[in-house]
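Residues per chain, in single letters:
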Amino acid sequence: MTDAAPLSLAPAMPAAAAAVGALLILALDTAAGRARMESRGARRRGLVLALAGTLALLTAVLSGLVHLFPGASTAAASVPAQLRMDGLAAASVVIVGVSGVLAIWLSSTYLMVLRLHAGEYFVLLLLSIAGAFVAVAAGHLLVLYVGLELMVLPAHVLAGFDRTRRRSNEAALKSFLLGAFGSALLLFGLALTFGATGHLDHASVRAGLADGGALGLMGIALVVAGVGVKAGIAPFHQWAPDVDEGAPTSVTAFVSVCVRGAALLVLLRVVVDVFPADDAVLRPVFAGLAIIGIAIGSLMAMVQRNVKRLIAWAGIAHTGTMLLAFVADDAAAYGAMLFYLIAVSVATLGALGMVLTLAGGGREVERLEDFAGIGKARPGLAALMTLFLIALAGLPVTAGFWAKLLLLRAVVDAGHVGLAIVALIGSVVALYAYMRVPAMMFMRDAPDQEIAEPSTSELAVLLLCAVVIVYLGVVPDPRLPGFAHGLLELLGRLVVGPA
Amino acid sequence: MSLNFFDPEHALRWLIFLPAATALALLGCNALVAALFRAPGLSDRIWRAAGLGASVLTFWVAAWVVLGGFDPEHIGFQFVEYAPWIPSAGASWFVGVDGISLFMVVLTTALVPLTLLAVWNRVDRSLRSFVFYVLVLESGLLGVFLAMNAALFFMAWQATFLPIFFLIGIWGGSRRVRAATRFLVAWGLASALLLVALLAVGGGGEGVIQFDMVTPPGGSGPGLLEAGLPGGELGWLGRIDQAWLFVALLGAFGLVVPIVPLHGWLLDAESEAPMSAMTLLTAVGLKMGTYGILRFALPLCPDAVSEWSAMLCGLALAGIVYASLLAAAQTDLRRLVAWWTVAQLGFVLLGTFSLDPVGLTGGVVAMLSHGLTSAALLFLVGAIADRRGSYEIAALGGLARPMPVFAALLGVAMLSAMGTPLLSGFVGDILILLAGFGVGSTIGAFALLGWVLGAGCLVWAYRRIALGPVENPENRGLIDLGWRERGIVLTLLLPILWIGLHPNPVLRRVEPSVLELMRQMDERRVVAPIAPIEDAARHAPVEPRERVEEPA
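Each value, and the rule that gives it
Residues numbered from 1 in each chain as written. Chains lettered and ligands numbered in written order. Predicted model: local features only at pLDDT ≥ 70, side-chain atom pairs only at ≥ 80, totals over all residues. Heavy atoms only, no water. Helix = DSSP H or I, 4+ residues; strand = E, 2+ residues; numbered from the N terminus. Rg over C-alpha atoms; globule rule 2.2 N^0.38 Å. Buried < 20%, exposed > 50% of the residue type's maximum accessible area, 1.4 Å probe, protein only. Areas by Shrake-Rupley, 256 points an atom, 1.4 Å probe, with all protein chains shown as cover. Contact = heavy atoms within 4.5 Å. Lys, Arg positive; Asp, Glu negative; His and termini not counted. Charge placed at Lys NZ, Arg CZ, Asp CG, Glu CD. 1 Å grid on protein atoms, 1.4 Å probe; cavity = no way out; pocket = protein on both sides within 12 Å on 5 of 7 lines; lining within 4 Å. Points joined across faces, edges and corners; volume = space filled by probe spheres on them. Nonpolar A, V, L, I, M, F, W, Y, C, P; charged D, E, K, R; others polar. Buried area = accessible area lost by both parts, 1.4 Å probe. Salt bridge = Lys/Arg side-chain N within 4 Å of Asp/Glu carboxyl O. Polar contact = N/O pair within 3.5 Å; in protein donor to acceptor, adjacent residues only side chain to side chain. Axes fitted to C-alpha atoms, helices over the stretch in contact; angles between N-to-C directions. Parallel < 35°, antiparallel > 145°, perpendicular 65-115°, else oblique. Left-handed = near helix turned anticlockwise from the far one by under 90°.

S.K.: Where do I start with the overall build of chain B in this structure?
M.R.: Helix and strand content of chain B: 21 helices and two strands. For chain B, whose C-alpha radius of gyration is 23 Å, the value lies close to the compact-globule estimate of 24 Å for 552 residues. The principal-axis extent of the C-alpha atoms belonging to chain B is close to 70 × 65 × 45 Å. Residues counted as buried form 64% of the 552 residues belonging to chain B. Looking at chain B as shown, the accessible area adds up to about 19500 Å², and 65% of this sits on carbon and sulfur atoms.

Put into structure tokens, the structure is as follows:
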């Protein structure tokens, strides 16, 4: 299969675009010399760098997007099967790339507020996304490993980017140590898999695993665990809340949406490509992981006093819920999972974007008490925040509502009513957790406090997120121009191929 | 008045969207004004007037178009609208009204303008968001009562959460956040159970996704309430499955009604909620539960319900007696109304679970009557609280002297509440009692006992509030109800009196739908039907007819 495919550089395009963008920013930043923080020059420079990053990412997204259209050569492979640009890879590139753009525009003003240097920040961010692009398009487990490492190493640095703050340093260290642990698991799994099957490219590993053998299964289980660490899947999640709390909020948004989202997409790729068909050993494991994630995530979210931690813990529950698609294992479930990922990504970007928007004048607004009275002082922002949170909680009329309904419907249709019940109980707990923030914003008064005016770029990103959430909440299955199917069916087909 | 400016066939979409669309339009204009003129947005007066106008218009659509155009002879749903929406989720825009939902719709649309009038200038903070939440809540409630697609129903169901949450949490009493949170968790749990049940039953197997409740016009496949019909392709659930399904549905709707062991959140909410939210929640919101039982639990689980009928009647009775006894012990007017509500909704459940057309009809009438009566009672309680700043019964006494109109109106409302003949409360209660005696004399006797207990506790409460000498000097100078307050309460008391004197127009519209409901249950029964239904069929023969007819 692999030798027959024509060689093409197309699968490497997104990663190349992001990497070139990173280099470009590095060059621009160096050429511009030093500028005093908070000067107009610095502001303008930040804007130019953000634009350059956006341009690079949009190029990457476009190069992925062309593969989504019907008639495109969806199986284009480069250096035999090591990178492939199929439907899933293209969709992953689009999802990660677009959320990367949003993360860039959320950062640009916030970096100024924190007096951080935009140049290095954007370079690291783009390099991390380049790694994500490699990992989601990988057709070979080693390439996948390299991509993942390239994705998470800059993320570790980003977590510690606010280097004068101890919490940021702590976040970086935790992120690095536990990330290294995950890499070790992943490498060990690769070694076992190679030992059992003699191959590391996805197709051969799958064929080798189909013959049975505990060693290969164990290897793949370790690979799943290794990717699970990066994706924040319980019980490999411990780093996520700490890092999310300690890192600068823009990094929190980037890590929790782009990095963890991409890792989840990589896991999806592994499951679809590598797992033997009708496998009865590994899939039930995902049911267990899902239950653990939903239980731990929503229960811990309930008791958090810090909104960034709350969103991180509830995000672990969301990741657990998405794992249910692996148990159901059909086109409807995978389509719903991708829709869920999109909905949660947009809503999380919005919610964390609001947290960083409210922070201004050097004061972080991240403890629950800090939100008291914001409903009165800034009703518009508070309403937007509420919208993002009800989307995360899965109430109508938001994308989150349909995400939950569609995914659970697929799970129940596959015969797993018990898992759906667990997910729904978790969602009630999460609903309570999320609604503590609006309760604080609207129902408690606080002495007048200084709340920063949102910058234009922040406001634009937040409004865009809100529009997407409401649009997908009213029309969750839009017929995209040029496609024969609605969005939901398209997403399902991207993962499992045409029915 | 002419209706030519829109097609009356589409009345229901106007009903559902008019309030929410007004709310969103107001919000948009507010933001626009704030952005363009650097003003603080539209004035409170505009919000209030627009909100009232929209809700009155909604009521007008409900009263004249729906009530006037409703054909009592027609079996099945009327004013049906259908459009596919999201096939992969089984969701469609499918709405219709029948005799069971008709009066819930009219009640909802009537109470919203009255509520807005009642709080006219008494909202102490942020009137604008108050109007916004009330209008959104109205749309959600109407969506629940009119949805003919389970996904749409669930969406509308969840859309009612946030408005009530904020109404309690922002304008409530000192422990409002706790009450709002408890409300949210209880209703969230209910919706989780509901979603599991709907997903389990709506899957249909083999990729057939069916959330439409009956076959839509131009659509395909038997609806959720029709699967297992002689002509249908799908068999119906076995008895074990039905039992689980019923437990889930009973839990979901029972949390909202609330059935007695699940009632904790209601007492919290009623003690803390502002009177406006409390009126809408008590008079209409709780009916989502009883309505859901009628609409989903009965036809989806006919065997489970009829097998457990006696047990369920016992559960309802236990609730009635327990709540009546506790109502007698209350010292707070709001909690008195709350416990009376629990008892009264116990009656509705008793009528429902008697599985007797008489009892079911009585249940629907009792839902309507409770809505009107509880709203009247709560407005009166609110009027007292406005004057005295307290809900303590002990602080009152002898109010008939300073406030004769108040005392008279409260007397009529309480008489209706205790089920006195010639008032609407009697119609529902007597039908339910008859059905109760039909099920078994013990059940009937206990229902009678609950009725007497409830009446006794209300009489006693009335005596403590209105009769006797004025002992508390603070009660001496109280001002009687103003014209606005009198108007609101009279608007509610007139239909109470009218239904009590002449219940036929209501019964005539409810009964065919109840019989249709029994037929739906009957046709999908796995085991043989039980006796009362055969009796019903004998008394009121139901000719074979089309399941859903095109709206005329």
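Let us keep going from here.
S.K.: What is the right way to look at the overall build of chain A in this model?
M.R.: Regarding its fold elements, chain A presents 19 helices and two strands. For chain A, the proportion of its 499 residues judged to be buried stands at 64%. Taking contacts inside chain A between residues at least 6 apart in sequence as the whole, the part at least 24 apart equals 77%. For chain A, the accessible surface area stands at approximately 17500 Å², while carbon and sulfur atoms represent 68% of it. Taken as two groups, the 31 positive and 30 negative side-chain charges of chain A have centres that lie 8 Å from each other.

S.K.: Help me understand empty space enclosed by the protein in this model?
M.R.: Vacant regions in the atomic arrangement are exposed by a probe of water-molecule size rolled over the atoms. Residue and element names in this part refer to chain A. Inspection of the entire model under this criterion finds 10 cavities of 30 Å³ or more. Its boundaries defined by the atoms lining it, the largest cavity holds a volume of some 260 Å³. Lining the largest cavity are 24 residues, with Ser-256, Arg-260, Gly-315, Thr-319 and Val-344 sitting closest to its centre. Residue assignment for the lining of the largest cavity shows that the elements contributing at least two residues are α10 (249-274), α12 (307-328) and α13 (331-358). Along the lines of polarity and charge, the residues of the lining of the largest cavity split into 12 nonpolar, nine polar and three charged. Around the second largest cavity sit 21 residues that line it, and His-318, Thr-321, Tyr-340, Leu-392 and Ser-427 are the ones nearest its centre. Counting only elements with at least two residues in the lining of the second largest cavity, the list comes to α11 (283-303), α12, α13, α15 (379-393), α16 (399-413) and α17 (417-443). Of the residues that constitute the lining of the second largest cavity, the class distribution is 13 nonpolar, seven polar and one charged.

S.K.: Mind showing me how you'd approach the interface of chain A and chain B here?
M.R.: Taken together, the contacts link 33 residues of chain A with 35 residues of chain B. When chain A packs against chain B, close to 2900 Å² is buried across both sides, 79% of that on carbon and sulfur atoms. Run the count over chain A and chain B and you get zero salt bridges. Linking chain A to chain B there are three residue pairs in polar contact (both at pLDDT 80 or more). Mapped onto the side of chain A that touches chain B, the elements with two or more residues apiece are α15, α16, α17 and α18 (456-474) of chain A. By residue number, the principal contributor to the side of chain A that touches chain B is α17(A), which donates 11 residues. Of the residues in the side of chain A that touches chain B, the class split is 24 nonpolar, three polar and six charged.

S.K.: Would you mind showing me how to read the environment of Ala54(B) here?
M.R.: Residues and elements named next belong to chain B. Residue placement: Ala-54 occurs in helix α2 (residues 44-69). In sequence terms Ala-54 and Ala-186 are 132 residues apart; their C-alpha atoms lie 31 Å from each other. Residues within four places of Ala-54 in sequence aside, it is in contact with Leu-18 and Thr-22.

S.K.: Before we go on, may I ask you to explain the layout of surface pockets in this structure?
M.R.: Residues and elements named next belong to chain A. Of the pockets and cavities examined, the second largest pocket occupies roughly 840 Å³. Together, 28 residues line the second largest pocket, and Val-94, Ile-95, Val-98, Ile-342 and Leu-487 are the ones closest to its centre. At the level of secondary structure, the elements contributing two or more residues to the lining of the second largest pocket comprise α2 (40-65), α3 (87-114), α13, α18 and α19 (487-496). If you tally residues by element for the lining of the second largest pocket, the top one is α3, at seven residues. Residue composition of the lining of the second largest pocket, grouped by class: 26 nonpolar, two polar and no charged.

S.K.: Would you mind going over the packing of α2(B) against helix α4 (residues 127-146) of chain B with me for this structure?
M.R.: How two helices sit against one another is set out by the angle between their axes and by the gap between those axes. Residue and element names in this part refer to chain B. At a closest axis distance of 9 Å, the pairing of α2 and α4 adopts a crossing angle of 15 degrees. Between α2 and α4, the angle is such that the two are roughly parallel. When you trace α2 past α4, the crossing you get is left-handed. Listed contacts from α4 to Asp-44, Trp-47, Arg-48, Gly-51, Ser-55 and Thr-58 of α2 are Leu-127, Arg-128, Val-131, Phe-132, Leu-135, Glu-138 and Leu-142. For the contact of α2 with α4, the per-class residue count stands at six nonpolar, three polar and four charged.

S.K.: Which parts of the structure should I look at to understand the pattern of salt bridges?
M.R.: One side chain can pair with another of opposite charge once the charged atoms of both are near each other. If you walk through the whole model with that rule in mind, you get 30 salt bridges over all chains. In this structure, the salt-bridge partner of Asp29(A) is Arg45(A), at a minimum N-O distance of 2.9 Å. One end of the pair, Asp29(A), is in helix α1 (residues 13-31); the other, Arg45(A), is in helix α2, and 16 residues separate them in sequence. Note on accessibility: Asp29(A) and Arg45(A) belong to one class, buried. Close ionic contact of Glu516(B) with Arg519(B) constitutes a salt bridge, the shortest N to O distance being 2.8 Å. Separated by three residues within a single helix, Glu516(B) and Arg519(B) lie in helix α20 (residues 504-523), roughly one turn from each other. The exposure classification of Glu516(B) matches that of Arg519(B), with both residues buried. Here the residues in one salt-bridge network are Arg167(A), Glu170(A), Lys174(A), Asp242(A), Glu245(A), Lys308(A), Arg309(A) and Glu366(A), joined through shared partners.

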